[in-house]
Every structure is written in structure tokens, then in C-alpha cells.
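Residue-level structure breakdown
Read off the chains here:
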4 protein chains.
Amino acid sequence: MNSVSDSAVAMPDVQSSFDTRRLPIQRVGVRGVRHPMLVMGADGEAMPTIADWELTVALPAEEKGTHMSRFVAQLEHYRRRSMTPALFCEMAETMLPLLNAQQGDITAAFPYFIDKVAPVSGVSSLMDYQVQWKARACENEETWFELTVVVPVTSLCPCSKAISEYGAHNQRSHVTVSAVLQQPVSIDLPTFIARIENQASCELWGLLKRSDEKYVTERAYDNPKFVEDLVRDVAMTVKNVEGVSSFRVEAENFESIHNHSAYAVVEG
Amino acid sequence: MNSVSDSAVAMPDVQSSFDTRRLPIQRVGVRGVRHPMLVMGADGEAMPTIADWELTVALPAEEKGTHMSRFVAQLEHYRRRSMTPALFCEMAETMLPLLNAQQGDITAAFPYFIDKVAPVSGVSSLMDYQVQWKARACENEETWFELTVVVPVTSLCPCSKAISEYGAHNQRSHVTVSAVLQQPVSIDLPTFIARIENQASCELWGLLKRSDEKYVTERAYDNPKFVEDLVRDVAMTVKNVEGVSSFRVEAENFESIHNHSAYAVVEG
Amino acid sequence: MNSVSDSAVAMPDVQSSFDTRRLPIQRVGVRGVRHPMLVMGADGEAMPTIADWELTVALPAEEKGTHMSRFVAQLEHYRRRSMTPALFCEMAETMLPLLNAQQGDITAAFPYFIDKVAPVSGVSSLMDYQVQWKARACENEETWFELTVVVPVTSLCPCSKAISEYGAHNQRSHVTVSAVLQQPVSIDLPTFIARIENQASCELWGLLKRSDEKYVTERAYDNPKFVEDLVRDVAMTVKNVEGVSSFRVEAENFESIHNHSAYAVVEG
Amino acid sequence: MNSVSDSAVAMPDVQSSFDTRRLPIQRVGVRGVRHPMLVMGADGEAMPTIADWELTVALPAEEKGTHMSRFVAQLEHYRRRSMTPALFCEMAETMLPLLNAQQGDITAAFPYFIDKVAPVSGVSSLMDYQVQWKARACENEETWFELTVVVPVTSLCPCSKAISEYGAHNQRSHVTVSAVLQQPVSIDLPTFIARIENQASCELWGLLKRSDEKYVTERAYDNPKFVEDLVRDVAMTVKNVEGVSSFRVEAENFESIHNHSAYAVVEG
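Since we're looking at a predicted model, the values are computed, not measured.

**What about the overall build of chain A?**
- When helices and strands are tallied, chain A shows seven helices and 10 strands.
- Its C-alpha atoms give chain A a radius of gyration of 23 Å, more than 25% over the compact-globule value 18 Å for 268 residues.
- The principal-axis extent of the C-alpha atoms belonging to chain A is close to 85 × 40 × 40 Å.
- Looking at the 268 residues of chain A, the share that counts as buried comes to 62%.
- Approximately 9800 Å² of chain A is accessible, and the part contributed by carbon and sulfur atoms is 48%.

Now the structure itself:
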């Protein structure tokens, strides 16, 4: 081990040595990095949130390893910037020379909040959504960007309503929409989420007064939807959003009458 | 490998050295061990399941470390036994001499299945419950045993029903009951769970035909319960179960109209 | 609501009504069903485990809904069968007429145990692995089957070893291998896992005596591997397993010197 | 919507009705509310984070239900305030008249970031910690406050080092410290965390250059600690922190040579 200790001044750079296995690696990097993120709002104000980050690059067959610390350096570099999808794409693009790579992916998953107004009382409260941004930069290609959002809603079962004298089972459901966006990536997230919510038996709020609770109860009963209806109606909405080039819609109903979920997915 | 095993004779036993910090450790051992478990049923047949185990002992101030491998050896030793609460307590008791300890705890958390019959159609299906057993053995004391079970049910909101023209929001809820049992620990788990389920707006089944779905929808509507009603009614039931010396009842409603839970706890 | 109550004898079948949205659904069914599973071992003995199941079918554009209860009935039907990949594929195939579908997927994710012998002391203990089976049946096509297994191992950092006077950081890593298998699906799981473990800095055991601990410590130090080395070496091994038609190898190192993971993926 | 809001005048208030079961509820409220939080830093600047909130009150035997929407209103009311433990206690105290209760608990669990400087290279990066604040307000009593922090560190096994020719297994560990703080609650969190980290084999950083990696590898090798050493050394440190009236120290080592954890807990 002496030779190692002698080399303290000029430490060996194992990662940079030549690899003989002739096997390129599609993606290598860091995962599970919890780091703050500033998300630019439609009003031009930045919303602070906490994201779970993954940053990876493609590694050619002849390189033994990537340089892991540079991914975290890239995160630190962008920490105080107000993030738009465009800047997020730029962050993936500037990662390429930094890591000496030809392709790179960045994913950030974070809670996102919208100030909602209760339907009858008009009281305000925040509603939280899980959002994910994903960018892939390739040399000499336009950067690819995908938005994913989990929208929690109420679903009320049409079968239960039709066959029962009174009542109908309902439950919280998660509608997850992934949309690949064309350049320029200019989707308005609150509007996009509102269009999704509008397809559910009823949308959710953080704070409801009794007059609101009457409203949401009756609205859900008036709009029964199977998990199949949910994915179809949301898919038909998402398809018509300008700038969406492809999409995937999932719905999971956490059934109130079972200990498992009803689930459906449509891709287009 | 011979030379290695030979050198084992003279290997230092760091764990057994004397500790000078004068600080006893309440519990030390292994956690997150996933291991099979056989749970003896009321019918005398063993139900195979997979448990998440934690085994710990108290460590006196003068000992530097415990012997971690012996916990896993204890698990292996009991692997093929059909477990009753009594045998589980014995497992905690025999751990004491093995680890040279005066107090020891074992916790096993596992899925438990009950074959249920749908209320109208009579079709059979399994329903899964999360169960936990916890035993504490102390020298010269009777071993303490606690049963915890998470019972998923339907809750239907009395306020929503009262104020709405039609319908009522309902959702899946988790009722978690922890009960310290007196010796002899002889509680019948399916009966215990059935008594808890009976206090909900409605119980759950794995498989429901349309005639059953009509039944559960109407039954829930006929039995509206707040989260407060749930914990109170379950607490009054558990209090009267023979052999229960103390208990804790929690209920969490995964509200279908909000993105958060309503929660209540009663201890007695 | 009277018309509904009158129809109690002949309940409306809402799911079977005609759908006008002209949107087929790729997959619809149940998810998060926790149900027992018997996995046939190489020795012809069935290992009981608990699986998390998802069963879905494709729904044509003109059908409003699928029949959710039939998925659970299918699960009940196969509950006491010893499962092989072949029988699992059959289970997906017999789901098609049951659900009146042209395509169907079944996924089961479950803990799987192997009795391992410690490298020096020779003591026995169980080691747990997370396994997933996935089958897709299509009318007039051979059923597709994919095996996924998460193999926890030790990884020891070559860079840390090379630059340090003594020691080297190491940690638990998850190597996740997904392999699409050709017919007949005849892979031996314990052998497959052993081949993967053999590529790590060191494999793991449930129970290690001190002589074993010396062995695994030195073996890991003698076999330093980056996350890049792990995926490459495992990929080269998996590629050569008979019957594997395509694969994906991921490795995640839960770094002992950071609060995040190093991660790599190779597909072939 | 006028008619709806008008009918609110005469809506039944089910929660406020009299309860005859004679069973007080220790705690009832909301749980799993994801909401932004501003945490006041030592430098007087507020750090934005996202907390998982639970707000509950005690409910007397004669009251049927609490008023769930008021908990969320309380959250909204404090949303833009820079939170100190003192203000957090005030938030629990002002919840009592709002809910007409004699006792109330608030818990907030959130990621917390510290800008750390790498030990040799001096580069800066954020390190994340999971923190929880818990306050209990009672009429006519001083409000009780508990701080919990999960500090991820490196642990290196003394036994593995002592018995092996070279190397030593090490891994990420979680040290979880809960401390009940006396009034005035004035603990400095970064200093408190640094004192805990100082007891580990080595602390963690987000970004390490090679010179740093050499340092942390050797430092861990020079400071081997069992899980028992970790809890004892951290307990002796926490005991001496001014203002701590009681504490609990847990350590969990995610063993690199096993698929389970070593675990210990000391209370004082």
C-alpha cells in the first residue's frame, strides 16, 4: 500500500482509466439526492420546494467510471435559480460538457402547491400535488422534456350508484398524467391540473366548510365515474392540450369497499 | 479457507470487552430482518406468512457489545415452529440465556389472512390484515405480550350525509388496535377482528359481486361514522374482550374529499 | 331512485354498456392485492410467500368497463397451486376468456428465500430477495414472461481504496436484474442469483460468525467495484444465461459517505 | 350557488351534538397534511421547506366531534410566518381556543438543510436532515416541546477491523435523537447536529472531492464504532446539551454485510 500513500500529491484517478469490457452504460450518476428547488410560477414568483433528484449520463464503453461529484456540483450551481422547464432543459444540456458526456438525463420530483378557493364558502387553502420534471439532453438533438403530475381526486362508482337504493361508494383516487411537451415548453401547470380535476367525480380541496362539503358530496354523486371513465376522459382532455406530443394517463382508485385498488392506464 | 478458520481461535472478541462509559443500553439487536413465520390458526393449521422481525436485548453498562449473530440464530431455531402467542413469548424468554441478558424484546409484523364470505352472494375470498406481535421477557417476571392489528374498513361521514340532498362521502379507513393481553394469551384473532369490523360503517371483502356491492353501499349509508365514532365504538368493544388488560385504538380515514387524513386515538 | 330499487332482481350491468368515446384502454384491472403465493422450488417443494399482485386486461374501445371481481376470482382459483413461471403464464392465458379480453398482464412481487451457508463457519441461514414475475398473454401469440430479482450485495469503492492509506468505503447495494425469458421458461432462480452475487465485491448472508466476518471483509477489500463495474459485470453474466432473450441490469449503491445513492443501468 | 349558501344557515351541525358514550378522546384531528413551512435559521433568515403536519386536540366525553376544517385554517394562518420553536409552541396554544379544546398537539416533520464545507477541498454543498418538531399545549401548563433529528452518518465496525488483515465493513447509519427542551427553547440546530455527527465514525457530505474521500475513508477507519458505541457516545453528548430535559437516542446501521440492520436505543 506504500505506493498508494506516496501518490497522495498526485492521487490515482481510477474512474478515468480505460475499460476493456466493451460495454457502454446507458445511464450512470446519482439518485435519491434531496435538494431544494425553486419553481417559477405563472405569476413570475418562485415557489420554493424540495425535490428528489436523479442526474445521470451515458458512459462510453471505453471509460471505466463517471465523476459523481460533478452531478452534485451541477445541483449546487443551479440551486438559487428560478426553474422553468426551459431552464431545467438547459441544466441537462450544460451537464454534458461538465461530465464529458453525449447524453444526459435529469429528473426532479417535488411537491407543488396551488392556492384553491372552496366552491361555495370561497375560503382559500393550499392543495398539494406531486410533480415530476424529466429532461434528456443529447448532443445535436433538441432536448426532450416530460411533465408528470399526480392529481388526487374523488371517484364515485357508477355501478354502486345504479344498483343501490341510496348512497354510492366513493374514494380518493390518484390520476397520474405524464406528457411529453414540444418546444417551446410553455404549459401552465395550474390550468393543466384544473383540466384534469374537471374530469373527476369531484376535485379535492384542503379546507372545506359545511356548505362546501354539501357541494362536493352532491357533485360526486352527480358525476359517477369508473376508473375506466377517469382515464378515458382525462386522456381526451390531455390529447387536446396544445404542446403535448405524447401522453400516458393512469388512474388508481383506493377502493373504499376493498383493500386493494382499481387501476387503469391509457397511452397515446 | 483452512488458515482463515484456524485463525478464528485467536480472533479478538471486541464485543466482550469491558465498557467504561457507565451507560446501560435499553435495547440493542437486529431490525428489519425479513424471515418466514408460521402462525397457528384457530383450526390448528399453520398459516405461512412473512414477518418483519426486530429482536433486541438490554445491555448492561459494563458490556461493550451484544452478539448480533445469535439473534438470527434464534430466528433460524424457531423457523419451522407453528407460532402461537405463547410460543412467541417462550422465544423471547429463551433469548435471554442465549444473549446473556436480563431483558429481551421480540417484535414480528406480518400479513395475516382470513377467508371471508361475501354478505349476499356467499362467494369466498381472502382478506389481508397487518398484524404485529410483541413480547418482552424479563428475568423473574411474567412475559408481557401485545397484539396489534390494522383493520381496513369503510367509513361514511355523518355530516356529509346529514347536509347533502343525496350521497355521502366515504373512504377506506385503517382502524389500528393494540391490546396488551393477560396470561394466558388466548385471544381468537378472526373473532377479534370481526368485532372490530362490526363497528365500522361497513367491513371490507376481497371479492364482491353486484348483489354484495349493493349491500355494502347501503349498509355504509345506514351506518355513518365519524373518525371519533370509530375509535369510541371500537374502544368500547375492545374494552370488553376477555383477557385485554390495556389497549390503544387509532383510526385514520383517508378522506375522499381531501388529500389528507382524519385521525383519532383513544387509550384505555 | 325508485326505478333503481325495482331493478333489484335484475340489477343494471353498467360495466357492460356501450362506450362511445372510441378510446381503447391498454390495461385495466386490480392493483395492490396482497395474496398468498406458493412458489415451486428447484427441489420440487413449494415455498409459501406473500405476493403483491396486479392483474389487468386490455379493454376495447366499445366496452365501458371490465369486471373487477373476476380478477380476484382468478387469484382465488390459483391460490393453492404451486407456481412455476409456466403455470404463471397459464394463469395469464386463462384470464383472457374469463375477462373476455384479447390481452392480459399479471404481475406478482414477492419475497423469496434461499438457505445459504456461511463461507467459513458453514452455519446456515436464510437470505431474502425481492422477486417479481410478469406475464403478458395475447391471443394467438406466445405468452411473454419476465423475471426481476433484487439482489442485495456489498460494494467497495475502488477509488477510495486506491487513494487511502488504509480502509475503503463500502456499503449495501441493490443489483436489480430484469430478464425476459424464452420458452420454455426454465431458469433456476438460486443459481441465477448466485451468478449475480458472484460479481459483487462480496455477497451477503443472514448469519455470519466472526471467522465469516473476517472473510467477507477481506473479500470485499480484494474485489473493489464501482457501480459501473457492478452493472457491467452482472450484464456480461446475465447475457450468457441460457434462455435470456433481453435484460436490464441496475445497481444502486447506498453510499456510506453520502446521503444519496450512486446508480447505473445497462440494457441489452 | 346562492341557494346552496343560503341553505347553509340551517345545516345540521352533527359534530356539535351531545355524545352519550362517556368516552373522552385523547387526540383527534388531521394527519398527513403536506404544507409549506418557513424555518427561521440561526442567521435570522427563513429556510423554506415542506412539512408533513399532524394537528390534534383532546375531545371531552360529551362532544360528538371536533371541527376538522379549523386545523387546516390554523395551518393557513401561520403559513407565511418564520417558524421558531417558540412560535410553533404559540401555534399549538392558539389552537386551543380555536378548537375549544383543553389540550392540543402539533407535529411537523420536514427536511432541513445545512451548508457544509468538505473537510480537505473546502467545497460547499448542502446536506439534508429529517427534522421533527412536536408541541403539546395544555391549559394552565407550560407548553411542552420536543425536537427530533435524524442524522445520517458512517459507521465502521470495530470487530471487522480487529479481526481482518485489511479493510473493515462500514455503512450508512441513521442516528435519531429526540430531545425534550426546557423553556426557553433556544437550541441551535446546526450546532446540535454537528455535535451528533462528531460522535460517528465519520460524518457525511453531499459533495466530496478525491482529497476529501481519502480523508473520510481514513477517518472512519481510525474511528470504528459499534451501534452500541454510537448510541452511548451520542447520548453522553446530548445529555450535556444545555436545555435538554430528557432524550432518546437511536442508531440504525444499514449493515453492508447483511440484508438487515443493527439497532440500538438509549433513553435518558
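**Some remarks on the packing of helix α2 (residues 68-77) of chain B against helix α3 (residues 85-99) of chain B**
Residues and elements named next belong to chain B.
- Axis separation between α2 and α3 bottoms out at 11 Å; the angle between their running directions is 140°. In this structure, α2 meets α3 at a crossing whose hand is right-handed. Where α2 approaches α3, its residues Arg70, Phe71, Gln74 and Leu75 are matched on the opposing element by Met91, Thr94, Met95, Leu98 and Leu99.
- When its residues are assigned to classes, the contact of α2 with α3 shows six nonpolar, two polar and one charged.

**A short note on the relation of the copies chain B and chain A**
- Note on the identical chains: chain B maps onto chain A by a rotation of 180° and an axial translation of 0.0 Å, with an RMSD of 0.0 Å. On the angle and the small slide along the axis, the relation comes out as a two-fold axis.
- When you check the interface residues of chain B against chain A, 100% turn up at the interface there too, and the contact is symmetric in its surfaces.

**Observations concerning helix α7 (residues 227-239) of chain D**
Residues and elements named next belong to chain D.
- With 13 residues, α7 ought to run about 18 Å at 1.5 Å a step, and its terminal C-alpha atoms sit 18 Å apart, in line with that.
- In terms of burial, α7 is largely enclosed, as 11 of its 13 residues are buried.
- By the burial criterion, the buried members of α7 are Val227, Glu228, Asp229, Leu230, Val231, Arg232, Asp233, Val234, Ala235, Thr237 and Val238.

**Topic: the interface of chain B and chain A**
- On the chain A side, the residues contacting the 38 residues of chain B number 38 residues.
- Taken together, the two surfaces of chain B and chain A that pack against each other cover about 3200 Å², and 51% of this comes from carbon and sulfur.
- When the area that chain B buries against chain A is broken down by residue, the three leading residues are Tyr166, Arg172 and Asn259 of chain B, summing to 22%.
- Linking chain B with chain A are two salt bridges, by the criterion used here.
- For Lys214 of chain B, the salt bridge identified is with Glu165 of chain A, shortest N-O distance 3.7 Å.
- Elements with a contribution of two residues or more to the side of chain B that touches chain A: β5 (124-138), β6 (144-156), α4 (158-163), β7 (170-181) and α6 (210-222) of chain B.

**Some remarks on the environment of Leu96 of chain A**
All names here are of chain A.
- Examined against the element boundaries, Leu96 turns out to sit in helix α3 (residues 85-99).
- Through-space distance from the C-alpha of Leu96 to that of Glu139 is 8.1 Å; in sequence the pair is 43 residues apart.
- Not counting the four nearest positions on each side in its chain, Leu96 is found in contact with Ala101, Gln102, Gln103, Gly104, Ala137, Cys138 and Glu139.

**Here's the deal with the relation of the copies chain A and chain C**
- Least-squares fitting of chain A to chain C yields an RMSD of 0.0 Å, with the transformation described by 0.0 Å of translation along the axis and a rotation of 180°.
- Looking at the interface residues of chain A, 100% of them are also at the interface in chain C, so both copies use one shared face.

**Some words on the interface of chain A and chain C**
- Each side of the interface is counted separately: chain A has 61 residues, and chain C has 61 residues.
- Here chain A meets chain C over a buried area of about 4800 Å², counting both sides, of which 57% is carbon and sulfur.
- Where chain A packs against chain C, one counts 11 salt bridges.
- A salt bridge links Arg232 of chain C to Asp19 of chain A; its shortest N-O distance comes to 3.4 Å.
- Counting across the chain A and chain C interface gives 32 residue pairs in polar contact (both at pLDDT 80 or more).
- Looking at the side of chain A that touches chain C, the elements with two or more residues in it are α1 (2-6), β1 (25-40), β2 (46-59), α2 (68-77), α4 (158-163), α7 (227-239), β9 (244-253) and β10 (261-267) of chain A.
- Looking at the side of chain A that touches chain C residue by residue, the classes come out as 32 nonpolar, 12 polar and 17 charged.

Cut-off values and rules
- Residues numbered from 1 in each chain as written.
- Chains lettered and ligands numbered in written order.
- Predicted model: local features only at pLDDT ≥ 70, side-chain atom pairs only at ≥ 80, totals over all residues.
- Heavy atoms only, no water.
- Helix = DSSP H or I, 4+ residues; strand = E, 2+ residues; numbered from the N terminus.
- Rg over C-alpha atoms; globule rule 2.2 N^0.38 Å.
- Buried < 20%, exposed > 50% of the residue type's maximum accessible area, 1.4 Å probe, protein only.
- Areas by Shrake-Rupley, 256 points an atom, 1.4 Å probe, with all protein chains shown as cover.
- Axes fitted to C-alpha atoms, helices over the stretch in contact; angles between N-to-C directions.
- Left-handed = near helix turned anticlockwise from the far one by under 90°.
- Contact = heavy atoms within 4.5 Å.
- Nonpolar A, V, L, I, M, F, W, Y, C, P; charged D, E, K, R; others polar.
- Least-squares fit on C-alpha atoms with pLDDT ≥ 70 in both.
- Expected span 1.5 Å × (residues − 1).
- Buried area = accessible area lost by both parts, 1.4 Å probe.
- Salt bridge = Lys/Arg side-chain N within 4 Å of Asp/Glu carboxyl O.
- Polar contact = N/O pair within 3.5 Å; in protein donor to acceptor, adjacent residues only side chain to side chain.

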